[in-house]
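If you want the building blocks of each chain, they are given just below.
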Amino acid sequence: MTVQQLSAQSVKVQLTADELTVFLYDPDAPPDSPQVLRLISFMLSKAELATGIPFTAHPVTVELLTARDGSLSAYFTVQSAPAEKPKQTKTVRLAARFPDRSTLKSCCRLLREKQDAIISSRLYEYRCQFILTLKLRRTGAATVHHLLSEYGRPFRLSPLNRARLSEYGSCLCEQDAVRVF
């Protein structure tokens, strides 16, 4: 049995055909048989002893490959914990502009069916257009985004545009604009 450390987290263990017949007396044993599992456990403990990699303390991926000469190569890799993803905000803000009241009403009628995704909504009149702003749960934002794109034109909610809306626009509905309109 030879143990070769491939990296800080992986090891290759090789058994010759003769060694394999000593450890595995039934060559047709299924991979999940107790005999094969004992062999894997034995090779894993030998790999840990030889390299110092703590295989028994972490989840391990095992890959077994047989060669034409009857030998067996086992690759053991420690699975590190997945890196934590940066926390994403759970809300999304979208806005759209509408040229007329009837198009806005049609869009709001459809948005009411998606009310569970909408946290808040406001309606402004700015430069002879209606601006609908929405705060959404991330899970339902895609459908609402498609509806806004179909009926209105995107309105970028940058800090500057928000300031313009509050200063130069007139707020027609402070809360629940989708439900009211």
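How each quantity is defined
- Along every chain, residues carry numbers that run from 1 in the direction the sequence is written.
- This being a predicted model, a pLDDT of at least 70 is required before a residue's local features are given, and a value of 80 or more before pairs of side-chain atoms are given or counted; all residues contribute to the totals for chains, interfaces and linings.
- Only hydrogens and water are removed before side-chain values are computed, so all heavy atoms of the structure are retained for them.
- Here a helix means four or more residues in a row that DSSP labels H or I, a strand means two or more in a row labelled E, and each is numbered from the N terminus.
- Only C-alpha atoms enter the radius of gyration, while the globule expectation follows 2.2 Å times N to the 0.38, with N the number of residues.
- Classification of residues uses two cut-offs on accessible area relative to the type maximum, computed with a 1.4 Å probe and protein chains only: under 20% is buried, over 50% is exposed, and between them is partly exposed.
- We score Asp and Glu as negative and Lys and Arg as positive, and we do not count His or the chain ends.
- Throughout, a charge is located at the NZ atom of Lys, the CZ atom of Arg, the CG atom of Asp or the CD atom of Glu.
- Exposure above 30% relative accessible area and no salt bridge define the residues that can form patches, which grow by joining like charges within 9 Å and nonpolar side chains of Val, Leu, Ile, Met, Phe, Trp and Tyr within 5 Å.
- Only the protein chains shown count as covering a residue, and every accessible area follows the Shrake-Rupley method with a 1.4 Å probe.
- Salt bridge, as used here, is a side-chain nitrogen of Lys or Arg placed within 4 Å of a carboxyl oxygen of Asp or Glu.
- The definition of a nonpolar core used throughout is a set of buried Ala, Val, Leu, Ile, Met, Phe, Trp, Tyr and Cys residues joined through side-chain atoms within 4.5 Å.
- Contacts: residue pairs with any heavy atoms within 4.5 Å of one another.
- To pair, rings of Phe, Tyr and Trp, with the six-membered ring standing in for Trp, must have centres within 6.5 Å; the planes then decide the type, stacked if under 30 degrees apart, edge-to-face if over 60, and tilted in the middle.

K.L.:
Help me understand the overall build of the protein, please; the structure alone is not making it clear to me.
P.N.:
On a plain count of helices and strands, the protein comes out with 6 helices and 9 strands. What you see for the protein is a C-alpha radius of gyration of 31 Å, clearly larger than the 16 Å of a compact globule of 181 residues, by over 25%. Taking the principal axes of its C-alpha atoms as reference, the protein extends roughly 85 × 30 × 25 Å. A buried classification covers 34% of the 181 residues belonging to the protein. When the 24 basic and 17 acidic side-chain charges of the protein are each reduced to a single mean position, those positions are 17 Å apart.

K.L.:
Would you mind going over a positive patch on the surface with me for this structure?
P.N.:
Taken together, Arg101, Lys105, Arg109 and Arg112 make up a surface patch of like positive charges. Counting through the fold element by element, lysine 105 comes out in helix α3 (residues 101–111).

K.L.:
How should the nonpolar core be read in this particular structure?
P.N.:
Soluble globular proteins tend to pack their nonpolar side chains together in the buried interior. Phe98, Leu104, Leu111, Leu123, Leu132, Leu134 and Leu148 are the most contacted members of the largest nonpolar core, which has 23 residues in total. Elements with a contribution of two residues or more to this core: β5 (91–98), α3, β6 (118–126), β7 (129–137), α4 (141–151) and α6 (177–180). If we ignore the near neighbours within four places in the chain, the residues touching phenylalanine 98 are Thr103, Leu104, Cys107, Gln129, Phe130, Leu132, Leu148, Tyr151 and Gly152. Among the nonpolar cores identified, the runner-up in size contains 18 residues, and Val13, Leu15, Val36 and Met43 belong to it.

K.L.:
Help me understand a nonpolar patch on the surface, please; the structure alone is not making it clear to me.
P.N.:
The grouping of Val22, Phe23 and Phe42 at the surface amounts to a nonpolar patch, some 250 Å² of accessible area in total. Of note, phenylalanine 23 is situated in helix α1 (residues 17–23).

K.L.:
Explain the packing of aromatic side chains to me, please; I cannot follow it from the model alone.
P.N.:
Here the structure, examined in full by the defined rule, presents 2 aromatic pairs. Between phenylalanine 130 and phenylalanine 181, the aromatic rings sit 6.5 Å apart at their centres with planes inclined by 50°, giving tilted as the arrangement. In this pair, phenylalanine 130 is assigned in strand β7 and phenylalanine 181 in the segment after α6, connecting sequence segments 51 residues apart. The pair phenylalanine 130 / phenylalanine 181 is uniform in exposure class, with both members buried.

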